[in-house]
Amino acid sequence: MRNAEHMIADGPIRRVLVANRGEIAVRIIRTLKQLGIESVLAVSAADRDTLGARLADRAVCIGPARATDSYLQIGTLIEAARGVGAQAIHPGYGFLSERAAFAAACEEHGVIFIGPTAAQIERVGDKLEARRCAEEAGVPIAPGGPVDSLPAALALAETIGYPVLIKAVGGGGGRGLKRANTPDELAALFDMASSEALAAFGDGRVFVECFVTQGRHVEVQILGDGDNIIHLGDRDCSVQRRYQKLIEEAPAPSLDDTMRRDLHAAAVRFSRHIGYRSLGTVEFLVDIARQRFYFLEMNARIQVEHPVTEQITGLDLVAEQIAVAQGQRLRLTQADVRLTGHAIECRINAEDPVHDFRPAPGRVTDAHFPVREGLRVDTHIERGAMISPYYDSMIAKVIATGQTRDEARRLLLASLADVRVDGVLNNIALHRAVLATPEFTAGGFDTGFLGRFLASPDAAAFIQPAQPVQGKR
């Protein structure tokens, strides 16, 4: 990455509390080291002896293993930052990264939040408000709207046509999201979706939206300083299971130039409309049959899949986040952004593909990731590491970059054959099988691709994970 070292090191940020864990914490700490900024990692009791804790200049315990008692405690994190003299907090992704209350608490206590403002997080976090902003900015939104009762949902669904999606207003990650193909299904799922949304987000409101049968999940990375907004290209995230991404790539394959330009322009237009500051991702659903796209949401944080954008731009996105947080204007213009080559990322998780991808926590008895040109591995895992049942089951992100998409795909496929993670069930075999399919190789697939593959007779031989290798604990 070409620009981390050009950071102004004598700015207001000299010490950062990293309020996260796992691979993203390691990723942030590495950039802080390059910038000459001291890192303090906030760790739960379960994460005291981790790679991130050893890489950081200092680690401070913020509570017991359960996230609700540690990583989700706003007051404790603010107190930790002030106690160690950190000028800023980096929230990473997940946990409190998109909680407006966290950003507001940082502002209130004079701690820099490395991300957007609390008002912006709140605005885009409410899916109905985000839809309204998109509409005001002239960005297409899918037919649908808010509903406060089952009769209202049935009436709206009749108007826009089945199938429909019931979506949580405050949600994400597939929680509170249900597909209904008929009025009877809508009636059966409506209360369930609302209850799930309330339990997950403390907000039971839902809205109904048309379901695009052949849709691609395409997103645009943006960067803004509140006044200036640029895009850093697009990504395709259509390989999903249970509405959760598994493989991402940049740029999105099989998009015509007009569609790509329109997506970029729409993302910039939306972000400019809300005066966005920091990194953000504007996500779209591309209707393959009609060659249209619709606004889905904005993620007001760094994304899990940000490495593929870094690989094709040569930029360190964490460094750009920090620069903006220090009050700098954008250091790039749109003309400075050069998109070169193609990158594909696989999320390696400790999970059991045979049994509905349920998490498979345990101790990693051995781990090996190959080192070769064009390959990047973001991980916090090493021999003896514990995949905790309290947190996300991600082991690593393996990213391959090539001059062409097929070069990147072949490099990734060959590299995964040399990845070894013993002691826990994982999805490496599934990734290799998916990358080798004719449909993935051709590109341009829809979000139903993985489901079709898993339902095919050919899938069973590939998704059966090897039994975990037992070793010393």
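Residues numbered from 1 in each chain as written. Predicted model: local features only at pLDDT ≥ 70, side-chain atom pairs only at ≥ 80, totals over all residues. Heavy atoms only, no water.

Student: What is the right way to look at the side chain of His306 in this model?
Tutor: Its place among the elements puts His306 in helix α10 (residues 306-313). Within the local environment of His306, its side chain forms a polar contact with the side chain of Arg27, the two groups lying 3.2 Å apart. Every residue in contact with His306, bar those within four places of it in the chain, is listed here: Ile24, Arg27, Arg235, Leu317, Arg376 and Lys397. (Helix = DSSP H or I, 4+ residues; strand = E, 2+ residues; numbered from the N terminus. Polar contact = N/O pair within 3.5 Å; in protein donor to acceptor, adjacent residues only side chain to side chain. Contact = heavy atoms within 4.5 Å.)

Student: Explain the sheet that holds strand β22 (residues 394-402) here, please?
Tutor: Neighbouring strands of a sheet are bound in pairs by backbone hydrogen bonds; such pairs are parallel or else antiparallel. The 8 strands lie next to each other as β14-β13-β10-β11-β12-β15-β22-β20, forming an open sheet whose pairing is antiparallel. The strands lining the two open edges of the sheet, one partner per strand, are β14 (292-299) and β20 (375-379). When strand polarity is set aside, the average angle formed by the axes of neighbouring strands in this sheet is 25°. Taken together, the 4 bridges between strand β12 (residues 244-250) and strand β15 (residues 342-349) define a ladder with antiparallel strand orientation. Of the residues in β15, the one forming a bridge with Glu249 is Ile344. (Pairing = 2+ DSSP bridges. Axes fitted to C-alpha atoms, helices over the stretch in contact; angles between N-to-C directions.)

Student: Can you help me understand the confidence of the model for the chain in this one?
Tutor: Predicted coordinates in regions of low pLDDT should not be interpreted in detail. For the chain, the mean per-residue pLDDT works out to 93, and 95% of the residues sit at or above 70. Below a pLDDT of 50 lies the segment residues 3-10, which in the model reaches 21 contacts outside its immediate sequence neighbourhood of four places, other chains included. Here residues 465-473 is a poorly scored stretch, pLDDT under 50, and it has 15 contacts once near neighbours within four places are set aside; other chains count. (pLDDT = per-residue confidence, 0-100.)

Student: It is not clear to me how unusual backbone geometry should be interpreted in this structure. Could you clarify?
Tutor: For residues other than glycine, phi is negative in most cases, and the peptide bonds are mostly trans. Following Tyr162, the chain continues to Pro163 via a peptide bond in cis, the omega torsion being 0°. Topologically, Pro163 is positioned in the loop between α7 (150-160) and β7 (164-168). Note the cis peptide between Ala250 and Pro251, where omega equals -5°. With respect to the helices and strands, Pro251 occurs in the loop between β12 and α9 (257-273). For Phe95, which is not glycine, the phi dihedral falls at a positive 45°. Mapped onto the fold, Phe95 is located in the loop between β4 (88-90) and α4 (100-108). Within the chain, Tyr243 stands out as a residue other than glycine whose phi angle is a positive 60°. With respect to the helices and strands, the residue Tyr243 is situated in the loop between β11 (229-241) and β12. Judged by relative accessible area, Tyr243 falls into the partly exposed class, the value being 38%. (Buried < 20%, exposed > 50% of the residue type's maximum accessible area, 1.4 Å probe, protein only.)

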